[in-house]
Amino acid sequence: MSKNYVIAFPRIGEKRDLKIALELYWSGESSYETLRNEASNIRKKHWLEQKESGIDFISSNDFSFYDNILDTSILLNVIPARFKDLKDEELYFALARGNKEAAACEMTKWFNTNYHYIVPEISKDANFELNSKKIIEEYKEAKSIGIKTKINLSGIITYLGLSKSVDNEDVYLNLNKILSLYVELLKEISLLDDEIIVQFDEALFVKDLDTKTLSLIKPVYDTLAKVSSNIKIVVSTYFEHSNEASKILLQTPIWALSLDFVHGSDNLLILDDIKKSNKVLIAGVVDGRNIFKSDYEAKVNLLNIIKQSIKEENLIISSSCSLLHVPYTLDNEDKLDTEIKDILAFAREKLKEISIISKLCFKSELSKSEKEEVVNNKIIQDKRKLSKTFNNEKVQNELKNLNKLQRSDKYEDRIKVQKEFFKYEDLTTTTIGSFPQTPEVRKSRRLYKKNEISKEVYENDMKEYINDCISFQEEIGLDVLVHGEPERNDMVEYFGELLEGFAFTQFAWVQSYGSRCVKPPIIYGDVSREKELTVSWATYAQSRTSKIVKGMLTGPVTILNWSFVRDDIKKAEVAKQIALALSHEIDDLQKAGIKMIQVDEAAFKEGYPLRSSNIKAYEKWAVDSFRLAVSKAHIDTQIHTHMCYSQFNDIISTIEDMDADVITIETSRSGNKLLKIFKEVGYKKELGPGVYDIHSPRVPSVDEIVKQINLLLEVLPKKQLWINPDCGLKTRKWPEVKQSLKNLVEAVHIVRNAKTS
Ligand code: GLN
Ligand code: ZN
């Protein structure tokens, strides 16, 4: 009896094998043939690994050279006109990465994960055509090594929903054309075997769908499910519940629904509907997007609840979503503390979990080692609740007894005192924090990490860089200076490495886009600050100048949103712990004379829930944790924050609630259009809308910046405005940065003089 299922498997490979193969091919060091062979080896390894771990339903077409939504665009021949002369692999990689003549397609975040897909561009004269080769070949390839796969396809409604229309038309006008290609595709698939399972990923169904989109579901799945009697259709959703869509799907002749019971517990509410429909339920109970070991007892309890409605023969145990969102395996992590390693599970380990949990659920015979694993699991879960490694009583008590949750003074009073204290002019100039990371700085950090240079040598290198940054900023006449962040490899990792409760791995890479992977920190236990984080660098920088140096921290919400976060307490609680740690840092900074402190919340928006009903709760704890982080700031300590966005329409009141004195944002690419919301809502606090785009090496002219500042002045008064670039400068080169900032300062002088004369 086939009883367990994996939505999809990571494709990047155990040691980022696909990344290496792709980059060799892109740089011309290997041929396409070599890349294809390597891809085939990776697929085979992954299929066999799943089979050997006891997985019954294994996917094909979950592999991709870059992204599976891009693969679907190729499948349907959705090719923007600027690429029309290209073919095959040249076309494929040009769509993803651009080429000399044409810009790449846009890339955007896959729901609330850190994976990015290539946005399909659909135009009125699109020439839809079926190109099923990849799908058919992958199926045959798996079968040649004895594995009958289920075939993963993008759901049509999700694919179109994530597309953009070049002509500003309703993308769903193309639904019937695409549906007929999918019908053709299913016919081809039906010839491959006696019986085949096809999984349609309809991730969009977990959003708040309007009635129009909901009305498309029945006709689409009625049609697809009727194409061939030997095809069984699974519709898969994840990251949230999909009850509105699920109810409709139950009225169609699909075979099974695959639902996420880890991140969408409301899916439990439709168990009785599923029971009535007599359809198969693929229950996602092993977390596919976080890295903590499943608690077997808790999972069996959850499955017992499900079994009260769903008959055993209609139940299959699964990952909650594709395992693409977790790293490959713990096996190579020989530097990780064993107690921490014991509570983790990456993709390979999750396969075992799925297999064991399905055996426990269906009371199948466990092997001796599996029995041991179950006993061990209980011990580990109990230990996790008590061990000092994960629980820090001091932090817990401090949080319980907190009486100061936010700053005591009102903004109106603060800003008066601050203006008096700092005496800064209107249109004060500053930057967002980082300056170009030179090869020398990177090398010094790397050598210090490997213990190949002493602390003294390392610190001297950093200090020299800071000296240069400070003198440069003074020389060109910026008003508020920064130290340049040479000591930081990454704005989250830097803080994670200094705080308690964080762990770092050697190989736990997760695909972010294409060959690009990230290795997020792991928050495994209570977070605390046992030593200073930034004070010595900030005070050193301040000692080099009589101008104000702005301290630089990463905010609690951003640290949280860019890490793997423990699943045994609420995220809000973890955010509070980080905030508390930062509040001590801010207090120490101000005691050391750093009176302007920026708390970056670059990823504030990324944590927004998929369902609007959950937004209020997120905003509440996100804002509360920011307020707690800055709660110790005195009336004359000015708190800045920075966000890498320009679109504030939906969240403006939340931003205001964060109660920072100054916020810097990215606006240069939208002129003053997106700024208007600040005026509309009567936003009172100070604001630094970026005046030039830092994402390109182009140096903005003085004239351009003057124009941009004047645009800002059409919307907001000069006493409310700061002048700065869009974001940090660490990815840029010094010559561009020097010229750009010189121009920025000159532009401000021109505007100031023009206004006063
Ligand atoms: N202070 C950080 C920097 O300047 C902010 C980066 C960001 O917003 N992503 O690099
Ligand atoms: Zn930014």
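Everything below is about the structure printed above this text.
Cut-offs used in this document
- Sequence order sets the numbering: in each chain, residues are counted from 1 along the sequence as written.
- Throughout, the order in which chains and ligands are written sets their labels, letters from A for the former and numbers from 1 for the latter.
- Note on the predicted model: pLDDT of at least 70 is required for a residue's local features to be given, and 80 or more for side-chain atom pairs to be given and counted; whole-chain, interface and lining totals, by contrast, use all residues.
- The side-chain numbers reported here are obtained from all heavy atoms of the structure, hydrogens and water having been left aside.
- Note on donors: an N, O or S atom is included if it sits within 2.8 Å of the metal, or within 3.2 Å for Na, K and Ca, and water is never included, so sites can look incomplete.
- All geometry calls rest on donor angles, where a four-donor set with angles between 85 and 135 degrees is tetrahedral, four- and six-donor sets with opposite donors more than 155 degrees apart and all others between 65 and 115 are square planar and octahedral, and all else is irregular.
- For each residue, the accessible area found with a 1.4 Å probe, counting protein chains only, is set against the maximum for its type, and the residue is called buried under 20%, exposed over 50%, and partly exposed in between.
- Residues are said to line a cavity or pocket when one of their atoms sits within 4 Å of a point; the points come from a 1 Å grid over protein atoms alone, cavities being sets where a 1.4 Å probe fits but cannot get out and pockets being open sets with protein on both sides within 12 Å along at least five of seven lines.
- Grid points are joined across faces, edges and corners, and a volume is the space filled by probe spheres set on the points.
- We count a stretch as a helix when DSSP gives it H or I for four or more residues in a row; a strand needs E for two or more, and each element gets its number in order from the N terminus.
- Paired strands, as defined in this entry, are two strands with at least two bridges between them according to DSSP.
- We define proximity as follows: a residue is near a molecule or strand when any one of its heavy atoms falls within 4 Å of that partner.
- As used in this structure description, the phrase polar contact means that two N or O atoms lie within 3.5 Å; if the pair is within protein, one of them must be able to donate a hydrogen and the other to accept it, and residues adjacent in sequence are counted only when both atoms belong to side chains.
- To measure how exposed things are, a 1.4 Å probe is used in the Shrake-Rupley method; for residues, cover is taken only from the protein chains shown.
- Amino acids are sorted into nonpolar (Ala, Val, Leu, Ile, Met, Phe, Trp, Tyr, Cys and Pro), charged (Asp, Glu, Lys and Arg) and polar (every other residue, Gly among them).
- Any helix carries an expected span of 1.5 Å times its number of residues minus one.
- We call two residues in contact when some of their heavy atoms are within 4.5 Å.
- Convention adopted: a line fitted to C-alpha atoms gives each axis, helices being fitted over their contacting stretch, and angles between N-to-C directions are expressed from 0 to 180 degrees.
- Should an angle lie under 35 degrees it is considered roughly parallel, over 145 roughly antiparallel, and from 65 to 115 roughly perpendicular; all remaining angles are considered oblique.

Chemist: Please set out the coordination of the zinc ion (ligand 2) residue by residue, giving values where relevant.
Modeler: Binding of the zinc ion (ligand 2) to the protein goes through H642 (NE2), C644 (SG) and C727 (SG), at separations of 2.0 to 2.2 Å. Of note is the zinc ion (ligand 2), whose four donor atoms meet at the metal with angles of 76 to 121° in an arrangement that counts as irregular. Judged by its relative accessible area of 2%, H642 falls in the buried class. Residue classification places C644 among the partly exposed residues on the basis of a relative accessible area of 25%.

Chemist: Quick one: what's the story with empty space enclosed by the protein, residue by residue and with numbers?
Modeler: Evaluation of the coordinates by the stated rule reveals seven cavities of 30 Å³ or more. Each pocket or cavity is described by its volume, and for the largest cavity that value is around 70 Å³. Lining the largest cavity are F9, P10, R11, R43, H46, W47, Q50, D62 and F63.

Chemist: Before we move on, can you summarise the pairing of strand β18 (residues 522–528) with the specific residues and values?
Modeler: When you tally the buried positions in β18, you get seven out of seven residues, the bulk of the element. Pairing geometry for strand β15 (residues 500–503) and β18, over three bridges, is antiparallel. Paired with E500 across the two strands is S528, which belongs to β18. By the bridge criterion, two bridges tie β18 to strand β20 (residues 564–565) in an arrangement that is parallel. Across the sheet, the residue bridging to I523 is V565, located in β20.

Chemist: Account for the site of ligand 1, naming residues and giving values.
Modeler: In the vicinity of ligand 1, the contacting residues are I432, G433, S434, E485, M491, M552, D600, A602, H642, C644, C727 and G728. Between ligand 1 and E485, the relevant distance is 2.8 Å, taken from a nitrogen atom to a side-chain nitrogen or oxygen of the residue. H642 places a side-chain nitrogen or oxygen 3.2 Å from an oxygen atom of ligand 1. When the free accessible area of ligand 1 is taken as 290 Å², the share hidden by the protein chains comes to 91%. Among the residues forming the shell around ligand 1, the class breakdown is six nonpolar, four polar and two charged.

Chemist: Now, about helix α5 (residues 133–144): what can you tell me, with residues and values included?
Modeler: Count 3.6 residues to each turn of an α-helix, and residues three or four apart come out pointing the same way. Helix length check: α5 (twelve residues) gives 16 Å between terminal C-alpha atoms against 16 Å at 1.5 Å per residue, within 8%. Along α5, the residues classified as buried are I135, I136, E138, Y139, E141 and A142. In the core, the buried residues of α5 are packed alongside α2 (32–52), β2 (59–60), α3 (68–75), β6 (150–154), α7 (175–190) and β8 (196–201). Immediately beyond the C-terminal end of α5, within one or two residues, lies G146, with a positive phi of roughly 85°.

Chemist: Which residues make up the packing of helix α1 (residues 17–26) against α2, and what are the values?
Modeler: The geometry of α1 relative to α2 is characterised by a closest axis approach of 9 Å and an angle of 175° between their N-to-C directions. For the element pair α1 / α2, the angle class is roughly antiparallel. Residues D17, L18, A21, L22 and Y25 of α1 touch α2, and the partners they reach there are Y32, L35, E38 and I42. Residue composition of the contact of α1 with α2, grouped by class: seven nonpolar, no polar and two charged.

Chemist: Describe unusual backbone geometry, naming the residues involved and giving the relevant values.
Modeler: Here N61, not a glycine, exhibits a phi torsion of approximately 65°, which is positive. Mapped onto the elements of the fold, N61 is located in the loop between β2 and α3.

Chemist: Quick rundown of the environment of K371? Include the residues and the values.
Modeler: Inspection of the secondary structure puts K371 in helix α14 (residues 368–386). Separated by eleven residues in the primary sequence, K371 and L360 have C-alpha atoms spaced 10.0 Å apart. Residues in contact with K371, not counting those within four places in the same chain, are E365 and L366.

Chemist: Can you explain the sheet that holds β2? Please cite residues and give values.
Modeler: Taken in spatial order, the eight strands line up as β1-β12-β11-β10-β9-β8-β6-β2 in an open sheet, and their pairing is parallel. The two strands at the open ends of the sheet, each matched to only one other strand, are β1 (4–5) and β2. Looking at chain direction, strand β9 (residues 231–236) and strand β10 (residues 256–260) are connected through three bridges and run parallel. Its bridge partner being in β10, V235 is matched across the sheet by L257. Of the strands in this sheet, β11 (280–286) and β12 (315–319) touch helix α11 (residues 296–309), which is tilted by about 160° from β11.

Chemist: Explain helix α13 (residues 347–361) to me, using residue names and the numbers behind them.
Modeler: Look at α13: 21 Å from first C-alpha to last across 15 residues, which is about the 21 Å you get at 1.5 Å a residue. Burial of α13 is extensive: twelve of the 15 residues sit out of reach of the surface. Every buried residue of α13 is listed here: A347, R348, E349, K350, L351, E353, I354, S355, I356, I357, S358 and C361. Against β1, α2, β11, α11, β12 and α14 lie the buried residues of α13. One or two steps after α13, the chain reaches K363, where phi turns positive at roughly 55°.

Chemist: If you had to explain the side chain of D71 to someone new, which residues and values would you point to?
Modeler: On the secondary structure map, D71 appears in helix α3. By relative accessible area, D71 is classed as buried at 12%. Residues within four places of D71 in sequence aside, it is in contact with F63, S64, Y92 and K134.

Chemist: How would you summarise the sheet that holds strand β19 (residues 548–554) if you had to cite specific residues and measurements?
Modeler: Spatially, β14-β19-β21-β22-β23-β24 is the arrangement adopted by the six strands of the open sheet, whose pairing is parallel. A strand with exactly one partner marks an edge of an open sheet, and here the two such strands are β14 (480–481) and β24 (686–689). Pairing geometry for β19 and strand β21 (residues 596–600), over five bridges, is parallel. Bridge assignment links K550 to a residue of β21, and that residue is M596.

Chemist: Describe the environment of P120, naming the residues involved and giving the relevant values.
Modeler: Tracing the chain through its elements places P120 in the loop between β4 (116–118) and β5 (121–122). On the basis of relative accessible area, P120 is assigned to the buried category, the value being 2%. Excluding anything up to four places from it in sequence, P120 contacts I69, S73, V78, Y159, L162, S163 and K164.

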